[in-house]
There are 2 protein chains.
Amino acid sequence: MMDHTHKAFDSDLQELGRMVAEMGGLAEQQIVDAVDALSRRDLTVAQRVIAGDTRIDVLQREVEARAILTIARRQPMAVDLREVVGSLRISNDLERIGDLAKNIAKRVVALDSEFLTQKVMRGVEHMTELVLSQIKDVLDAYARRDLAKAIGVWRADEGVDAVNNSLFRELLTYMMEDPRNIGICIHLLFCAKNIERMGDHATNIAETVYYMIEGRALADERPKGDTTSSTVVPFDA
Amino acid sequence: MMDHTHKAFDSDLQELGRMVAEMGGLAEQQIVDAVDALSRRDLTVAQRVIAGDTRIDVLQREVEARAILTIARRQPMAVDLREVVGSLRISNDLERIGDLAKNIAKRVVALDSEFLTQKVMRGVEHMTELVLSQIKDVLDAYARRDLAKAIGVWRADEGVDAVNNSLFRELLTYMMEDPRNIGICIHLLFCAKNIERMGDHATNIAETVYYMIEGRALADERPKGDTTSSTVVPFDA
């Protein structure tokens, strides 16, 4: 690229990075608020989370539009192109994380007055903490282009699954003990599933950060032997 | 665009359309096979669905790569650009539908030997038929750029939700009646949720087809007052 093109491209990249960071911050806050609303049965906070998702959706479309304009105007190659494609992919994952937080907030509205034990909530909260720290780490890895940190997040995926499985068994026991627990436990099962899937998106983002830096897929196999999102067509082939 | 550019662009578009159509066909088959594997407890078919998801993932990356090269090389504007962006968005939704089919296949493996009533399965199958016909219609609407058909799919979303709600209540009753049903019913609840979400992606695709043709969002509000994916930044603003 020519010098003035490179300057314009750098400013495009900066703006993309800023928008992705804003999306990441919003997504984190939505998760915190959604699980807080669930713990405290706070309908006001739940409604705020549901309404707040729109901002993340708008940002995703803005990242898409900006990424596409950047590609059309600057025709970046190799690592420059991967930077743009990476922000596009990460914004998709963050938008999905926002949706999942909204799903939890919707459950709060559906749950309404059903009784909820503090003990079960603790499992959900523990899982949320794990996933939030993964998301925080992977957004850090993105912001600093930190390869080691991205790989760390990618490897930590199994921890969330273990907590989810033990929560699942706990909820199953409550349901078996007393059929009156079934309704609430099903809601919590779906909430836990939503949180687990946020962790999957954090793993996807880790793969994207790796790809942005290295120009190839993180590994031929994801943890758990699931190859879902590790297949990458390299742009600089 | 100049004439030779337009010719090259048309062939790019054709190839994108072909890849999206292939993804759509594969996604439909994966849904049929996954629910068939669930009904008949066929582990072999389930494993095939799980393995088959990789092909859809690869195609999605190929659509992404081709779309980006097309934007960089041809710098399309207005409706031309929306065609490319549309195929990118639709391939994302089809990839997600593939994942959801894979989720169902994974449940078949987890279910293993648990007893399953034919009656409950009928509800799941009915829901699947509804969603499959939505996906078929929306892929048709995409292939023919059929605005009326896209709007029809977008409006049909509520039918799936109604079936899902009645299935949910039915499963809840089984669980209340006999705690031994709880395990299997939870698996089916998650399967039903996966199918419902496939329907959401069909709705997203309908919105994208509308956007490709009209250059604006289908409506300010989605059915059920959920604005999740109707926010669109127009490229030709």
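Scroll up to find the structure this text is about.
Before going into details, it helps to say that this report is about the structure given with it. (Residues numbered from 1 in each chain as written. Chains lettered and ligands numbered in written order. Predicted model: local features only at pLDDT ≥ 70, side-chain atom pairs only at ≥ 80, totals over all residues. Heavy atoms only, no water.)

**Quick notes on the relation of the copies chain A and chain B**
We apply this condition: When the copies are overlaid, the least-squares fit takes in C-alpha atoms only where the residue has pLDDT of at least 70 in both copies.
Laying chain A over chain B is done by rotating through 180° and shifting 0.0 Å along the axis; what remains is an RMSD of 0.0 Å. The symmetry that links the two subunits is that of a two-fold axis. Scanning chain A for the C-alpha nearest the rotation axis identifies Ala72(A), at a separation of 2.3 Å.

**Concerning the interface of chain A and chain B**
By convention, interface size is frequently given as the accessible area that disappears when the constituent parts associate. As a reminder, the rule being used: Any two residues whose heavy atoms approach within 4.5 Å are treated as being in contact. By buried area we mean the combined loss of accessible area, with a 1.4 Å probe, across both parts when two parts are placed together. A pairing counts as a salt bridge when a side-chain nitrogen of Lys or Arg comes within 4 Å of a carboxyl oxygen of Asp or Glu. We define a polar contact as two N or O atoms separated by no more than 3.5 Å, with the added condition that, inside protein, one atom must be a possible hydrogen donor and the other a possible acceptor, whereas residues neighbouring each other in sequence contribute only through side-chain atom pairs. Here the term charged refers only to Asp, Glu, Lys and Arg, the term nonpolar to Ala, Val, Leu, Ile, Met, Phe, Trp, Tyr, Cys and Pro, and the term polar to all other amino acids, Gly among them.
Counting residues at the interface gives 42 residues for chain A, matched by 42 residues for chain B. In total, about 3700 Å² of surface goes out of reach between chain A and chain B, with carbon and sulfur atoms giving 65% of it. At the junction of chain A and chain B, the tally comes to two salt bridges. The partner of Glu64(A) in a salt bridge is Arg89(B), with the nearest N and O atoms 2.5 Å apart. Remark: the boundary between chain A and chain B carries two residue pairs in polar contact (both at pLDDT 80 or more). Among the residues forming the side of chain A that touches chain B, the class breakdown is 20 nonpolar, seven polar and 15 charged.

**Some thoughts on the packing of aromatic side chains**
Here the distance between the centres and the angle between the planes together describe a pair of aromatic rings. The line we're drawing: For Phe, Tyr and Trp, where Trp contributes only its six-membered ring, two rings pair if their centres lie within 6.5 Å, and the inter-plane angle classes them as stacked under 30 degrees, edge-to-face over 60, or tilted in between. Numbering of helices and strands runs from the N terminus, with a helix taken as a DSSP run of H or I at least four residues long and a strand as a DSSP run of E at least two residues long. Note on exposure labels: buried denotes an accessible area under 20% of the residue type's maximum, exposed denotes more than 50%, and partly exposed covers the range between, all computed with a 1.4 Å probe on protein chains only. To sit over a ring, a charge needs its Lys NZ or Arg CZ within 6 Å of the ring centre and within 35 degrees of the ring normal.
Tallied over the entire structure, the rule returns one aromatic pair over all chains. Where Phe190(A) meets Phe190(B), the ring centres are 4.6 Å apart and the plane angle is 40°; that geometry is what we call tilted. With Phe190(A) in helix 7 (residues 182-214) and Phe190(B) in helix 7 (residues 182-214), the pair connects residues from two separate chains. Judged by relative accessible area, Phe190(A) falls into the buried class, the value being 6%. Geometry around Tyr211(A) places Arg89(A) over its ring, the cationic atom sitting 4.5 Å from the centre.

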